[in-house]
Amino acid sequence: MSVVTNTTTIGAIDAPSRRNTELVLLAFAVAIPVFAYLNVGLALDGEVPSGMLGYGLGLGLMASVAHIVVRKFARYADPLLLPLATLLNGLGLVLIWRLDQSPRLNARPDFAPQATNQLMYSALGIALFVGVLMILKDHRVLQRFTYISMAAALVLLLLPLVPGLGADVFGAKIWIRVGGFSIQPGEFAKIVIAVFFSGYLMVKRDALALASRRFMGLYLPRGRDLGPILTIWAMSLLILVFENDLGTSLLFFGMFVVMLYVATERTSWIVMGLLMSAGGAVVVAQFASHVQSRVAAWLDPFGCLETAPEGSNMINACDQMTQVLMSFGAGGTLGTGLGQGNSDLISFAANSDFIFATVGEELGLTGVMAFLLLYGLIIERGIRTALAARDPFGKLFAVGLSGAFALQVFVVAGGVMGLIPLTGMTMPFLAAGGSSVIANWALIGILIRISDTARRPAPAPAPSPDAEMTQVVRP
Amino acid sequence: MNKPLRRIAIFCGILVLALLIRDNWLQYVRADELNTHELNRRVQIERYAHQRGNIIVDGKPVTGSVETKGSDFKYKRTYTNGPMWAPVTGFASQAFDANQIEKLEDGILTGNDDRLFFDSTMAMFTGEKKKGGDVVTTLNGKAQEAAFKGLGDKKGAVAAIDPQTGRILALASTPSYDPSVFAGNSLEDSENRQKLLNDKDKPMVNRALRETYPPGSTFKVVTAAAALENGVVEDIDAPTDTPEPYIIPLSRTPMKNSHGDCEKASLNAAMEVSCNSVFANLGDKVSRDKMVETAEKFGFNDAEIDTPVRASASVYNKTMDRGGNALSSIGQFDTATTPLQMAMVTAAIANDGKLMKPYMVDQLRAPDLDVVQTFEPEEMSRPVSQENAQLLQQMMENVVEQGTGTKAQIDGVTVGGKTGTAQHGVGNSKRPYAWFISYAKADNGSPVAVAVVVEDSSGVARDDISGGGLAAPIARDVMKAVLEGKE
């Protein structure tokens, strides 16, 4: 080894805690959304919005609480994760509030303002974040819940199919309704299932990696080792077919393949994963009209608007897609300015699935690139945490969470921008939706916990029985 | 496990990179295409998001903007005296797009024109509300009013030009419509527009620029010009060799004259009483190709006369036989012109043979009244020489003094004109069109040339329909209005 790196083991050097860096960044992360809020108010009504003080104080308070907890319970945590999440959450609130003011959306019977709810859910999210840091002193504890997690994840994923509990919203059965609240269990399942995958793969990785035959340069796993990947694959297809949820299905399968690859270091898993998802996609596309219309809208949105039958599911999908594209086009390089665009033309899902189009229109190419880089940074810090983690469980867990996060961002942003077919997932932290914002805060909390463990100075080496003091024997 | 981890990191980087590239493609490369897409409602929203600039006549706007509520469009177009000005302004409707000047100068009127970039940028900094620029027209309010009132409830059109510059002074068309009634986007606007579209009188057609009519005898001035230019006639008072009856070439049909003394009549005398036989004979002698040449110098067969609103092409058939040419020479057969075209013919003669390009937009102004662009008079062609133009003037003045056009006389002013009663329908079955073209002369040349056509003179006995009786008084009033304005 020519270069000495200490990414895996930080050794006994006392790494700087970087808590003050985090504080300064947090100040920015609160100030920028507050100015954005002011900007929207000035653009829409020409006056300082009345809620600005409350909003600023609220966001500031939440950020302070989170920071103090990190300072106390995760002293060595990565300093970027919390400010990035705060900034995204803050800007998301501004964007949702901005869409709440839209007369065009308010004229729709199926539209309700979301900003207040979202602020409440953000507070709940921060509470969960605080809870994770205070209760979960060491992430390795979660290994104990490997199989319980599996069961929990299955329950969460299947809940929307329970009659009377599940709610069919705009064609996707991914919601459950309890009392007045709707919950999207899939968002939480994302984290729970990562626990299961990490625990399972940590134990089985040697078997999966080594017991294989070499065929055409690829290591093919034994038939019985194929079990888990086949199960996950089948489950993803079931979610897709029964819950009409392309996004969640893709997310789980993608996350599993990524973790499998990291655990076994075998490229063959990636190849197999790709083949299986392609196969699954083709099969499902044959009979799921829901997927077909999304694909048609993706291939040629303007064209399919003319060819699609009147009043069909397809024409809605195509119309939405053209509206989203024109929204991005209208933004151009610099955007129209917050509050001055017409992204609300996209209709009802403007504040949830399509909120990224508002970013595109009102903040332009520059704004979208900034947002993508913010997401990129979260993903990068997550993978870095995985690299730095000292235990395989932590590594797998961190890469699973960041991989899922990356896939979600890609699937949503790519779908909205027409790079891939639209899947109907929510942009983490930006989109209106309680489950999403709460689950993502929990995800950030766990990443911070793992990064704290990883960056914490190694404990002093235990005294070795072989290295006892040499006794000086005096004759 | 670190090697695959690094690869996953690279993979995630590629995902983000793909999004960045896609975004650049969408928001930089394709932005313009998406932004101007016909399905993009933003174009309409933006057009009516700010106070639209105005169309100005005599320093006063004939248009306006009012704020509306409850729709995507903030401002609605209003029109002062809409029906009178509709042939000039066109319409701008939130729901039904725009046409004519409203459409052609949309960039200036909305303030989105690149030339207004500086103004809108400054407005952004000073906090002023964005506003559109103005279009200043060449029109003369008094002349327009005289034309519109003169036409009254008759169906017809008037075009008046300043011969020396080509500035359009009046452009009236009846029956007209009020663009205000469908400027919004409500159900009522839609119904109003549908009613106008279904109206069999076609009120939304701009008859002065977009409708062609057989010009009848008014076309004889073009034939006379061709005869003089090509040396077929050298002395306008010398008798021509026209027999009575004159038989249309390649046929056995005699040409009818409504007046007696046409046998061997001189050009001047034939013009005075409008002899068909003499002009058919002259047109035949000039030959089709030379007739086409002269007519085209006056602007016939030109599909691109942009004022800037494009006028329909007037027609002088290039491929007909001798008989057709003889008939066309008296403004029948295939000959068809717009009122603007006949005003151009008159203007060229009144301006001693120089035809100026007709135009109706004088200036484009920024919202702060800075002039963005000024349109200068432009020579279009020289259809006749100065001497011949003066001979034509002499004949046309004769028509008004003692011929068929006496109703166009104005005290103390030299007026030249030519009447026309064009047959209409198969075998002249429908009511004929009454035409009158004329110009007035002042000491320093002619300030106005007018063409009037009355399409359907309801309430007038058929035998009374004549250019001299119906159309000449309207032309006189328009000329008077211009002359009074000059004093």
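Just so it is clear, the structure is predicted and the values come from calculations on it, not from any experiment.

1. A word on the overall build of chain A
On a plain count of helices and strands, chain A comes out with 16 helices and five strands. Taken across its 475 residues, chain A has 56% of its residues classed as buried. Of the roughly 20100 Å² of accessible surface on chain A, 66% is carried by carbon and sulfur atoms.

2. Observations regarding the overall build of chain B
In terms of regular secondary structure, chain B is built from 18 helices and 18 strands. Counting only residues that meet the buried cut, chain B has 55% of its 487 residues in that class. Residue pairs at least 24 apart in sequence account for 68% of intrachain contacts in chain B once pairs closer than 6 positions are excluded. Roughly 20500 Å² of accessible area belongs to chain B as shown, and the carbon and sulfur atoms make up 49% of that amount. Here chain B holds 54 positive side-chain charges and 64 negative ones, and the gap between their average locations is 7 Å.

3. A few points about the state of the cysteines
Residue and element names in this part refer to chain A. The full count for this structure, using the stated rule, is one disulfide over all chains. A sulfur-sulfur distance of 1.7 Å marks the disulfide that ties Cys304 to Cys318. Negative torsions about the S-S bond denote left-handed disulfides, and the value of about -135 degrees found for Cys304 with Cys318 makes this one left-handed. Taken together, the residues span a long stretch of sequence, with Cys304 in helix α12 (residues 301-307) and Cys318 in helix α13 (residues 313-331) at a distance of 14 residues. Of the residues examined, Cys318 reaches a relative accessible area of 0% and is grouped as buried.

4. What to know about the environment of Arg322(B)
All names here are of chain B. As for its position among the elements, Arg322 is in helix α15 (residues 322-328). Classification of Arg322 as partly exposed rests on a relative accessible area of 46%. Residues Arg322 and Pro249 lie 73 residues apart in sequence; the distance between their C-alpha atoms is 6.1 Å.

5. Re the interface of chain A and chain B
Tallying the contact residues gives 51 residues for chain A and 31 residues for chain B. Counting the surface lost from both chain A and chain B, the interface buries some 3600 Å², and carbon and sulfur atoms represent 72% of this. Of the charged contacts, one joins Arg42(B) and Glu361(A) as a salt bridge, the two residues approaching to 2.9 Å between their closest N and O atoms. In this assembly, chain A and chain B are joined by 10 residue pairs in polar contact (both at pLDDT 80 or more). When residues of the side of chain A that touches chain B are traced back to their parent elements, those giving at least two are α9 (246-264), α12, α13, α14 (355-388) and α15 (392-416) of chain A. The element contributing the most residues to the side of chain A that touches chain B is α14(A), with 13 residues.

6. Notes on the side chain of Ser266(B)
All names here are of chain B. By secondary structure assignment, the location of Ser266 is in the loop between α11 (220-229) and α12 (267-273). We classify Ser266 as buried; its relative accessible area is 11%. A distance of 3.5 Å separates a polar atom in the side chain of Ser266 from the backbone oxygen of Ile236. Here Ala269 takes part through its backbone nitrogen, which lies 3.1 Å from a polar atom of the side chain of Ser266. The contact partners of Ser266, leaving out residues within four places of it in the chain, are Ile236, Asp237, Ala238, Pro239 and Thr240.

7. Concerning the pairing of strand β14 (residues 371-374) of chain B
Residue and element names in this part refer to chain B. As defined by bridge partners, strand β13 (residues 361-365) adjoins β14 across three bridges and the pair is classed as antiparallel. Residue Leu364 lies in a different strand from β14, and its bridge partner there is Gln373. Connecting β13 to the antiparallel partner β14 that follows it, the hairpin turn spans five residues, and Leu369 within it adopts a positive phi of roughly 75 degrees.

8. Considerations on the nonpolar core
Residues Phe129(A), Leu201(A), Phe356(A) and Ile448(A) are the most contacted members of the largest nonpolar core, which totals 152 residues. At 16 residues, the largest contribution of residues to this core is made by α15(A). Every residue in contact with Ile448(A), bar those within four places of it in the chain, is listed here: Val70(A), Ala74(A), Ala77(A), Leu81(A), Leu82(A), Phe129(A) and Leu133(A). Listed in part, the 85 residues of the second largest apolar core include Ile101(B), Ile161(B), Tyr316(B) and Met344(B).

9. Some details on the packing of helix α4 (residues 82-89) of chain B against helix α8 (residues 141-151) of chain B
The packing of two helices is summarised by the inter-axis angle and the distance between the axes. Residues and elements named next belong to chain B. Running from amino to carboxyl end, α4 crosses α8 at an angle of 115 degrees, the nearest separation of the two axes being 10 Å. Judged on the interaxial angle alone, α8 and α4 are roughly perpendicular. Handedness of the α4/α8 crossing: right-handed. Residue-level contacts link Pro83, Met84, Trp85 and Val88 of α4 to Gly141, Gln144, Glu145 and Phe148 of α8. Counted by class, the contact of α4 with α8 contains five nonpolar, two polar and one charged residues.

10. A word on the sheet that holds strand β2 (residues 60-61) of chain B
Strand order in the open sheet formed by five strands is β2-β1-β7-β13-β14 (chain B), and the pairing between neighbours is mixed. Each edge of the sheet is formed by a strand with only one pairing partner; in this case those strands are β2 and β14 of chain B.

11. Some points on unusual backbone geometry
Residues and elements named next belong to chain B. That bond from Thr174 to Pro175 is cis: its omega, -10 degrees, falls within 30 degrees of zero. Relative to the assigned elements, Pro175 resides in the loop between β9 (168-174) and α9 (187-198). In the segment running from Thr307 into Pro308, the intervening peptide bond is cis, with an omega of 5 degrees. With respect to the element layout, Pro308 can be found in the loop between β10 (305-306) and β11 (310-311). In the Ramachandran plot, Asp97 falls in the positive-phi region, its phi being about 60 degrees despite a non-glycine side chain.

12. Points about the pattern of salt bridges
Going through the model one piece at a time under the given rule, you end up with 31 salt bridges over all chains. One salt bridge in this structure joins Glu187(A) and Lys190(A), with 3.2 Å as the shortest N-O distance. Of this pair, Glu187(A) and Lys190(A) both sit in helix α7 (residues 185-210), three residues apart, roughly one helical turn. With a closest N to O distance of 3.2 Å, Arg288(B) and Asp289(B) form a salt bridge. Members of the salt-bridge network, linked through shared partners, are Arg52(B), Arg77(B), Glu102(B) and Asp106(B).

13. Brief notes about the packing of helix α2 (residues 52-73) of chain A against helix α5 (residues 115-135) of chain A
Residues and elements named next belong to chain A. Contact geometry of α2 with α5 gives a least axis separation of 10 Å together with a crossing angle of 5 degrees. By the criterion of interaxial angle, the relationship of α2 to α5 is roughly parallel. Contacts from Met62, Val65, Ala66, Val69, Val70 and Phe73 of α2 reach α5 at Leu119, Ser122, Ala123, Ile126, Phe129, Val130, Leu133 and Met134. Taken together, the residues of the contact of α2 with α5 sort by class into 13 nonpolar, one polar and no charged.

14. Here's the deal with the confidence of the model for chain A
If pLDDT is low for a region, its predicted coordinates should not be looked at in detail. Per-residue confidence for chain A averages 85 on the pLDDT scale, and 89% of its residues sit at or above 70. For residues 1-6 of chain A, every residue scores under 50 in pLDDT, and the model assigns this stretch one contact once sequence neighbours within four places are set aside.

15. Things to note about the environment of Asp319(A)
Residues and elements named next belong to chain A. Tracing the chain through its elements places Asp319 in helix α13. Owing to a relative accessible area of 35%, Asp319 belongs among the partly exposed residues under this scheme. For the pair Asp319 and Val34, spaced 285 residues apart in the sequence, the C-alpha separation amounts to 34 Å.

16. Some thoughts on the confidence of the model for chain B
Residues and elements named next belong to chain B. Looking at chain B as a whole, its pLDDT mean stands at 83, while 94% of the residues score no less than 70. Ranking the elements of chain B by mean pLDDT puts helix α7 (residues 117-126) last, at 74, and helix α1 (residues 2-29) first, at 93. As a predicted assembly, this complex carries a pTM of 0.72 together with an ipTM value of 0.90.

17. Digging into the pairing of strand β7 (residues 134-137) of chain B
Residue and element names in this part refer to chain B. Alternating positions in β7 separate into two faces, Asp134 and Val136 on one and Val135 and Thr137 on the other, with burial throughout. Where strand β1 (residues 55-57) lies against β7, two bridges are found, and the strand directions are parallel. By the bridge assignment for β7, Ile55 is matched with Val135.

18. Looking at a nonpolar patch on the surface
All names here are of chain A. A cluster of nonpolar side chains, Leu158, Leu161, Leu238, Val241, Phe242, Val283 and Phe287, forms an exposed patch at the surface whose accessible area comes to about 640 Å². Every element with two or more residues in the nonpolar patch is listed here: α8 (226-243) and α10 (267-287). Among the elements that line the nonpolar patch, the one with the most residues is α8, at three residues. Note on placement: Val283 falls in helix α10. A residue is classified by how much of its surface remains accessible, and Val283, at 47% relative accessible area, is partly exposed.

Thresholds applied
- Residues numbered from 1 in each chain as written.
- Chains lettered and ligands numbered in written order.
- Predicted model: local features only at pLDDT ≥ 70, side-chain atom pairs only at ≥ 80, totals over all residues.
- Heavy atoms only, no water.
- Helix = DSSP H or I, 4+ residues; strand = E, 2+ residues; numbered from the N terminus.
- Buried < 20%, exposed > 50% of the residue type's maximum accessible area, 1.4 Å probe, protein only.
- Areas by Shrake-Rupley, 256 points an atom, 1.4 Å probe, with all protein chains shown as cover.
- Contact = heavy atoms within 4.5 Å.
- Lys, Arg positive; Asp, Glu negative; His and termini not counted.
- Charge placed at Lys NZ, Arg CZ, Asp CG, Glu CD.
- Disulfide = S-S within 2.5 Å.
- Buried area = accessible area lost by both parts, 1.4 Å probe.
- Salt bridge = Lys/Arg side-chain N within 4 Å of Asp/Glu carboxyl O.
- Polar contact = N/O pair within 3.5 Å; in protein donor to acceptor, adjacent residues only side chain to side chain.
- Pairing = 2+ DSSP bridges.
- Core = buried A, V, L, I, M, F, W, Y, C linked by side-chain atoms within 4.5 Å.
- Axes fitted to C-alpha atoms, helices over the stretch in contact; angles between N-to-C directions.
- Parallel < 35°, antiparallel > 145°, perpendicular 65-115°, else oblique.
- Left-handed = near helix turned anticlockwise from the far one by under 90°.
- Nonpolar A, V, L, I, M, F, W, Y, C, P; charged D, E, K, R; others polar.
- pLDDT = per-residue confidence, 0-100.
- Patch = residues over 30% accessible without salt bridge, like charges linked within 9 Å, V, L, I, M, F, W, Y side chains within 5 Å.

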